[in-house]
Amino acid sequence: MIKRTYIRTRSAKEGMRIDQQIVDQRGRTLIARGAMLDDYLIDSLLKLGITSIYIREGEEDPEEEKVSPLAQSVIEKVRVDDRTKVKLTESVKKRVAEGIQYLYNNTETEDFTEATNRIADELMHAISDNDAIAVDIGALKISDEYTFKHSVDVATMAMIVAKQYGLDKGQVYEIGVSGLLHDLGKSKIPNEVLNKPARLTTEEFEIMKQHSVFGYRILKDKESISDEVRMGVLQHHEKVNGKGYPMGVMAEQMHLFAKILSVVDIYDALVTERPYKNAFSQRDAVEMIMSMTQELDVEVMRSFMESMILYPVDSIVQLSNGEKAKVVENQAGYILRPKVVGVDSGKIYDLGRDMKCNSIIIL
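Presented here is a report on the structure given in the accompanying data block. Just so it is clear, the model here is predicted, and its values are computed rather than measured.

Details of helix H11 (residues 227-235)
(1) Moving on: Every buried residue of H11 is accounted for by Val229, Arg230, Gly232, Val233, Leu234 and Gln235.
(2) Moving on: Residues of H11 that are buried make contact with helix H7 (169-181), helix H10 (211-220) and helix H12 (256-270).

Examining the side chain of arginine 283
(1) Moving on: Turning to its location among the elements, arginine 283 is positioned in helix H13 (residues 282-290).
(2) Moving on: Owing to a relative accessible area of 16%, arginine 283 belongs among the buried residues under this scheme.
(3) Moving on: One polar contact links arginine 283 to tyrosine 311, side chain to side chain, over a distance of 3.5 Å.

Description of unusual backbone geometry
(1) Moving on: Across the junction of tyrosine 245 and proline 246, the peptide omega takes the value 15°, indicating a cis bond.
(2) Moving on: Of note, proline 246 is situated in the loop between H11 and H12.
(3) Moving on: With a phi angle near 55°, aspartate 131 is a residue other than glycine that sits in the positive phi range.
(4) Moving on: Among the secondary structure elements, aspartate 131 is positioned in the loop between helix H4 (112-128) and strand S6 (135-136).

Describing the sheet that holds strand S11 (residues 348-350)
(1) Moving on: Pairing within the open sheet is antiparallel, and its 4 strands lie in the order S8-S9-S10-S11. Two strands lie at the open edges of the sheet, namely strand S8 (316-318) and S11, each paired on one side alone. On average, adjacent strands in this sheet sit at an angle of 40° to one another, irrespective of strand direction.
(2) Moving on: Sheet topology places strand S9 (residues 324-329) next to strand S10 (residues 339-342); 4 bridges connect them, and they run antiparallel. Note that in S10 the partner of glutamate 329 across the bridge is lysine 339.
(3) Moving on: Sheet strands in contact with helix H2 (residues 69-78) are S9, S10 and S11, and its direction is about 160° off that of S10.

Rules of the game
Residues numbered from 1 in each chain as written. Predicted model: local features only at pLDDT ≥ 70, side-chain atom pairs only at ≥ 80, totals over all residues. Heavy atoms only, no water. Buried < 20%, exposed > 50% of the residue type's maximum accessible area, 1.4 Å probe, protein only. Helix = DSSP H or I, 4+ residues; strand = E, 2+ residues; numbered from the N terminus. Contact = heavy atoms within 4.5 Å. Polar contact = N/O pair within 3.5 Å; in protein donor to acceptor, adjacent residues only side chain to side chain. Pairing = 2+ DSSP bridges. Axes fitted to C-alpha atoms, helices over the stretch in contact; angles between N-to-C directions.

Shown next, in the form of structure tokens:
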């Protein structure tokens, strides 16, 4: 049974689920209804002067779906742990998000590069500490409409994709820096365009499209920032068919960093809610990425698909044949089609590799 309770914000605890939408004066969503609270969000609520909130209690956990004894015995035999995933603790998320906000507000500060490296170090440690080779894209999601949080998502995914692609440790670190700074030029976009709570006009979009050039200009005279990082920032909206911006270059003129950032930036933008559009589901966003073979680098797309986990092992999913099933194995390259076991029947569905399962999808 779900219970809605009104509490003082100062009494809120990490892990509580908020049961109201928090918006700013322009109607932009700051915290979505149903979001899990952490110390950072609670502190943000207090800074906004929100002294009381509704929280949701008693929500049924889908992971507690009853599994028959037969299914449980099958699951125990075939279950395979997910590949090691990058984990960002709440304290790391808070430090990194605050660090990005500082950089975007202080582009000319003397410690710009040092501050950037501190943030990149946090992400590199999160990947290196347990030799992470995959991302649970549901657990990673911390973005709202704010540029600095989007940058954390993009940087983290880009580093894992770069690792899967085969880049060395130094390059993985550098693309993390490029991902953190890829939208830096938005700090030079007029607020009335950047924060407009509606779809941009053609003229406004032309102004917005300059943010990658502005970001490159901010970085070009910073000697300790590499050319690779700068090119990732400049070209992250280019497309391999020449239909991107700001220069409309073709694949052979695009830096590899830009090709990687382009994929993860598009994915994160699709799953982020905006005042003028609803967020796409993670599944729909992945399918849209898969359809963009004319615009995105195919090898980078393959690395993205092989390093992202959409349905973590042990999660419960609804199959199109009417059965509920438990995920028992994720297989690289089959992000939408893991191996699952029916929670009642105990039947194994290898959605990615068994031709007999071709007509079954996860709803």
